[in-house]
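Next come the chains, spelled out residue by residue.
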Amino acid sequence: VSTQSTWGTQIMQGSIKDADEMPDDDLAKQGTLGLTTDEKEKVDQAFQAFDKDGNGFIDKDELKLVLEMMGQNPTEEDVLRMMTEVSPDGDHRITKETFIEIVLEQKKNSSKSEDEDIMQAFVAMGGLPGGKGFISTDKLKQIIKDEFQMTIDIDKLIKEIDKDESGTIDYEEFKSLLTSHQHS
């Protein structure tokens, strides 16, 4: 797992938040296209949590301290490797702009992973690779209720998705079903 993935995940989950908020206009200047307002706030808080001395950069000592606070025990070599990974110009400082790029990259990678998981589930349910084909709503109900013993109202969700009541769900409908339940 890369350093960027670890930081991005913790930022997006909000587990790094021991700092005061920074003004939104500072973050807006950095080009945060692709982040929600909530994510922008978490990025602000996380950057400020890392930037212990408030100089606008995260240096290797601050990174080591934060990693130790997160329960990790990095060596000096580990910290230098991480800094080199995200600061290839050799100054071993992470700017707020670079920090935002790390978060955006993690968000992009997370989205790709989610799409791959949904595709695998679609194929496992009887759909075809590449999002082709259909899955049976009866099979989906049976798996959700019997095999996974989930308590969600699958009948209601399917009714919302399978508008034509065909008894089948295509990939886009399946994806919509999973993502609407996941975020509700």
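See the structure shown above.
A few points on the structure.

Calculation criteria
Residues numbered from 1 in each chain as written. Predicted model: local features only at pLDDT ≥ 70, side-chain atom pairs only at ≥ 80, totals over all residues. Heavy atoms only, no water. Helix = DSSP H or I, 4+ residues; strand = E, 2+ residues; numbered from the N terminus. Buried < 20%, exposed > 50% of the residue type's maximum accessible area, 1.4 Å probe, protein only. Areas by Shrake-Rupley, 256 points an atom, 1.4 Å probe, with all protein chains shown as cover. Salt bridge = Lys/Arg side-chain N within 4 Å of Asp/Glu carboxyl O. Arc of directions from axis to C-beta. Core = buried A, V, L, I, M, F, W, Y, C linked by side-chain atoms within 4.5 Å.

1. What about the overall build of the chain?
Okay, step 1: For the chain, the count of helices and strands is nine helices and four strands.
Okay, step 2: The linear arrangement of helices and strands in the chain, starting from the amino end, is α-α-α-β-α-α-β-α-β-α-α-β-α.
Okay, step 3: Burial analysis of the chain (184 residues in total) assigns 33% to the buried set.
Okay, step 4: For the chain, the accessible surface area stands at approximately 10,800 Å², while carbon and sulfur atoms represent 49% of it.

2. Concerning the pattern of salt bridges
Okay, step 1: Overall, the coordinates contain nine salt bridges when judged by the stated rule.
Okay, step 2: In this structure, Lys60 and Glu76 form a salt bridge, with 3.9 Å as the shortest nitrogen-oxygen distance. Of the two residues, Lys60 sits in helix α4 (residues 60–69) while Glu76 sits in helix α5 (residues 76–86), which places them 16 residues apart along the sequence.
Okay, step 3: Close ionic contact of Asp78 with Arg81 constitutes a salt bridge, the shortest N to O distance being 3.6 Å. You can see Asp78 and its partner Arg81 sitting in helix α5, three residues apart, about one turn around the helix.

3. As for α5
Okay, step 1: Residues of α5 that are buried: Val79, Met82, Met83 and Val86. Projected down its long axis, α5 carries its buried residues within an arc of 100°, all on one side.

4. Observations concerning the nonpolar core
Okay, step 1: Core analysis: the biggest nonpolar cluster contains 18 residues, and Val43, Phe50, Ile58, Leu63, Ile94 and Phe99 have the highest contact counts within it.
Okay, step 2: Those elements that provide at least two residues to this core are α3 (37–50), α4, α5 and α6 (96–124).
Okay, step 3: Core analysis: the next-biggest nonpolar cluster, separate from the first, contains 15 residues, Leu140, Ile144, Leu157 and Ile161 among them.

5. Structural notes on unusual backbone geometry
Okay, step 1: Backbone geometry places His92, a non-glycine residue, at a positive phi of 50°.
Okay, step 2: Among the structural elements, His92 can be located in the loop between α5 and β2 (93–95).
Okay, step 3: Looking at His92, the relative accessible area reads 25%, which means it is partly exposed.
Okay, step 4: Positive phi, close to 50°, is recorded for Glu165, a residue that is not glycine.
Okay, step 5: Structurally, the position occupied by Glu165 is in the loop between α8 (154–161) and β4 (168–169).
Okay, step 6: Assessed through its relative accessible area of 64%, Glu165 is described here as exposed.

6. A short note on α8
Okay, step 1: Residues of α8 that are buried: Ile154, Leu157, Ile158 and Ile161. Each buried residue of α8 lies within a common arc of 95° when the element is viewed along its axis, so the set occupies one face.

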